[in-house]
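So the chains spell out like this:
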2 protein chains.
Amino acid sequence: MAGHTNSEGEKQQVENETADGDVVTLAHGAGGEAMRTLVDDLVVPRFTDADRTAEADGAGVGLAALDDGAVHPIGDGSQAIVVTTDSHVVTPRFFPGGDIGRLAVAGTVNDLAVMGATEPLTLTCSFVLEEGTPIADVERVVESMRETAREAGAAISTGDTKVMGNGEVDGIVINTAGVAHVEADDAVTDAGLRPGDAVVVSGTMGDHGIALLAEREGFDFTGDLKSDVAPVNDLVRAAMDAGEVTAMKDPTRGGLANALNEMADKAGVGIDVVEGDIPVSGAIASAGEVLGIDPFAVANEGKVVFGVDPDDAEAVLEAIRDCPGGEEVTIVGHATEDHPGRVVVDTGFGRRYMSEPEGETLPRIC
Amino acid sequence: MAGHTNSEGEKQQVENETADGDVVTLAHGAGGEAMRTLVDDLVVPRFTDADRTAEADGAGVGLAALDDGAVHPIGDGSQAIVVTTDSHVVTPRFFPGGDIGRLAVAGTVNDLAVMGATEPLTLTCSFVLEEGTPIADVERVVESMRETAREAGAAISTGDTKVMGNGEVDGIVINTAGVAHVEADDAVTDAGLRPGDAVVVSGTMGDHGIALLAEREGFDFTGDLKSDVAPVNDLVRAAMDAGEVTAMKDPTRGGLANALNEMADKAGVGIDVVEGDIPVSGAIASAGEVLGIDPFAVANEGKVVFGVDPDDAEAVLEAIRDCPGGEEVTIVGHATEDHPGRVVVDTGFGRRYMSEPEGETLPRIC
């Protein structure tokens, strides 16, 4: 078929390029430094140029902020539209605790939520399917998306379906974009940390990433290893209603380490955390040791990192603790004027920088 | 690597399923009957269940409408948010007249435009890249997206980047979702045709599909074969300002034949068209004959099919003719009370039904 001929031609070109020029590597998709360089150097300068709407009146959040979503003021500026997007390529498509459909819906609901938009107006859903994928698998994924959307109180109102040939795409790729309509004052960014703010983590770290890797490796761990994938919009709403939330981020790709470093960097503050205070389940900690994976460096899919006004921290903790998935909420540290842009972790044996994960630790994890 | 082991396992499962159960085929992505069945049977009943927002007050357009986008009333219902999404898998990624980046931006701008939303609030952009893709190709695509967004007056304010392994995805997949904020009265659907309405086509048919297939086949046609991919939001705005537009659709996958059949079916009216009046360039007609492809059955990416109040048809035609890309705008027929749901074409030698394209005529065309 003509398409295949051409595809072969392109493959050839790629191989030549490997010798002559830069090519995309798995690290470019890992959520760390390589990806940020690609996005910063190549995408942001070009798209920001066209991104007049968000920046027009200084009140919006545009692409250059590289936050979990964008905020576009509408009308007189008292209201705003929050928009986010994620493509999901996770493998295997069904995993302990969830599947690619639940991940797609929860991921997008959560990106909206951490922008302060806890009531999605709607989600879009776009499938790219591999020829030969069992219809029963597609049905199971769609059913899971429905259930997760209902759980989050979200609609899915428009979509698209493309099919690629056998071998042209592996399995099922799902893009979900999310849209919410909020009071402009409600919008929260990942850049708002102030010195003194409590840094709060809504629950155990590392569950999604380590459960997924263990499943892929076929390891039979005792204990309950499963992904934490779930919508967190109700939990975020409870937190925002209970006190002043100054910054939020969902610690997905790159995990807690990435989220904290980004929050410190964007706010120009330091963050001090106490390693022993960061919640990690026993099973995840053990599996992480066996697999050689740091639970702080891998994706969570149902957790939130909050910056909270210190006077409100106890009230916010209490509100989160009452929410499903928030039972283990903990203050893990605080923001400081010291070491701006850096995260310092007290290990119990000393202090060290918590650095961002690098490279391709876990491809196709979300 | 664990991911590959698992991927092999899934492939095996797919092969077993081919014998035992239904699997996804290329026809499911072709925009015709097979795709509609998949979406109607499997997706719509589930997602519609969650799609409360759009349907809540009866004024919105939700998933069940299977229009080019969804319309969500906000506030007191006098305003609305229009949302759309498309994933783009076109191959080759660079083709005569455009590339996958221009296609992604124009496709989403156009889906908003034919819902009556001619001023995008923002677009999202999500890349799935194959490991090994030349960075220079990514850069060229991003640059093209920027240029097309500027042409359309659209911002791109949030995005995502995933990387799949070599062989796990072929090249570059781009999802763009689009969001617009409109006066609720401005929203137009593809279901509004009334008997007597003029059916207007904004320009020549078949350019994108046939140019792309000719390129893939490596045929050296004389004449100017190139894709028509372009944003049409200014042209749509001009048409809407000039007279009453009752229905709109962009004739992408499945081409004019698919668009007209959907418009007739949804409105419960018949459509009569005169084949000789439908604009087709000489080069496209010749190439279509050689390739055995009907220019009315393949995608256009810079054209619109309008239903127009007959009293306003001349004014609308004149307004469109003044827009770039609208020079060959033509009234190709009219809606009728006869043969509801069917499109009848007068070939000059007789009358026949214009049926919807079936099967996998052109995979990965958009």
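Residues numbered from 1 in each chain as written. Chains lettered and ligands numbered in written order. Predicted model: local features only at pLDDT ≥ 70, side-chain atom pairs only at ≥ 80, totals over all residues. Heavy atoms only, no water.

### Description of the overall build of chain A
From N to C terminus, chain A includes ten helices and 14 strands. Among the 366 residues that make up chain A, the fraction classed as buried is 63%. Here the contacts in chain A between residues at least 6 apart in sequence split such that 82% fall between residues at least 24 apart. When the accessible surface of chain A is summed, it comes to about 12,700 Å², and 45% of that surface belongs to carbon and sulfur atoms. (Helix = DSSP H or I, 4+ residues; strand = E, 2+ residues; numbered from the N terminus. Buried < 20%, exposed > 50% of the residue type's maximum accessible area, 1.4 Å probe, protein only. Contact = heavy atoms within 4.5 Å. Areas by Shrake-Rupley, 256 points an atom, 1.4 Å probe, with all protein chains shown as cover.)

### A closer look at the relation of the copies chain B and chain A
Once chain B has been moved 0.0 Å along the axis and rotated by 180°, it coincides with chain A to within an RMSD of 0.0 Å. In symmetry terms, the pair is related by a two-fold rotation axis. Measuring from the rotation axis to each C-alpha of chain B, the shortest distance belongs to B:V169, at 2.0 Å. Most of the interface of chain B is mirrored in chain A: 100% of its interface residues are interface residues there too. (Least-squares fit on C-alpha atoms with pLDDT ≥ 70 in both.)

### Digging into the domain arrangement of chain A
All names here are of chain A. Considered domain by domain, chain A is made up of domain 1 (67-183) and domain 2 (197-353). Computed over C-alpha atoms, the centres of domain 1 and domain 2 are 23 Å apart. Across the contact, 24 residues belong to domain 1 and 22 residues belong to domain 2. Regarding the contact of domain 1 and domain 2, the summed buried area is about 1,900 Å², with carbon and sulfur atoms giving 59% of it. (Domains from an automatic or database assignment. Buried area = accessible area lost by both parts, 1.4 Å probe.)

### Description of the sheet that holds strand 6 (residues 156-164) of chain A
All names here are of chain A. Across the sheet, which stays open at both edges, the five strands sit in the order 1-2-7-5-6 with mixed pairing between neighbours. Because the sheet does not close on itself, it has two edges, and the strands there are strand 1 (70-74) and strand 6. Neighbour-to-neighbour, the strand axes of this sheet turn through a mean angle of 15°, independent of strand direction. Relative to strand 7 (residues 172-183), strand 5 (residues 120-130) is paired through nine bridges, and the arrangement is antiparallel. Paired with L123 across the strands is G178, a residue of strand 7. Sheet strands in contact with helix 5 (residues 135-152) are strand 5, strand 6 and strand 7, and its direction is about 165° off that of strand 5. (Pairing = 2+ DSSP bridges. Axes fitted to C-alpha atoms, helices over the stretch in contact; angles between N-to-C directions.)

### Quick word on the UniProt feature "domain: PurM-like N-terminal" (unreviewed entry) in chain A
The feature "domain: PurM-like N-terminal" (unreviewed entry), as given by UniProt, occupies residues 67-180 of chain A in the numbering adopted here. Helix makes up 28% of residues 67-180 of chain A and strand makes up 42%, while its end C-alpha atoms are separated by 15 Å. (UniProt positions renumbered as here; feature names shortened; annotations may be inferred.)

### Re the interface of chain B and chain A
When the parts come together, some accessible area is lost, and that loss is often what is quoted as the size of the interface. Of the residues lining the interface, 99 residues belong to chain B; the matching set on chain A comes to 99 residues. Taken over both partners, the interface formed by chain B and chain A buries close to 8,600 Å², and the fraction arising from carbon and sulfur atoms is 65%. Contact with chain A buries surface across chain B, with B:V24, B:R46 and B:F47 losing the most and accounting together for 8% of the total. Between the two partners, chain B and chain A, sit ten salt bridges. The salt bridge partner of B:E139 is A:R46, with a shortest N-O separation of 2.8 Å. (Salt bridge = Lys/Arg side-chain N within 4 Å of Asp/Glu carboxyl O.)

### Brief notes about the packing of aromatic side chains
Taken as a whole and assessed by the stated rule, the structure comprises zero aromatic pairs over all chains. Over the ring of A:Y353 we find A:R342; its NZ or CZ atom is 3.7 Å from the centre of that ring. Its guanidinium or amino end placed over the ring of B:F94, B:R140 lies 3.6 Å from that ring's centre, counting from NZ or CZ. (Phe/Tyr/Trp six-rings, centres within 6.5 Å; stacked < 30°, edge-to-face > 60°. Lys NZ or Arg CZ within 6 Å of the ring centre and 35° of its normal.)

### Concerning helix 5 of chain A
Residues and elements named next belong to chain A. Between the first and last C-alpha of helix 5 there are 26 Å, a value that for 18 residues agrees with the 26 Å anticipated at 1.5 Å per step. The complete set of buried residues in helix 5 reads I135, D137, V138, V141, V142, E143, S144, M145, R146, T148, A149 and A152. Just past helix 5, the residue G153 takes up positive phi, approximately 65°. (Expected span 1.5 Å × (residues − 1).)

### Quick notes on the side chain of B:N110
All names here are of chain B. Relative to the elements of secondary structure, N110 occurs in helix 4 (residues 100-113). The class for N110 is buried, based on a relative accessible area of 2%. When residues no more than four places from it in sequence are discounted, the contact partners of N110 are A230, P231, V232, N233, D250, E301 and G302.

### Notes on helix 6 (residues 207-217) of chain A
All names here are of chain A. Counting buried residues along helix 6, nine of its eleven residues qualify, which places the element largely inside the surrounding structure. When helix 6 is considered as a whole, its buried residues turn out to be D207, H208, G209, I210, A211, L212, L213, A214 and R216. One or two positions beyond helix 6, positive phi appears at G218, with a value near 70°.

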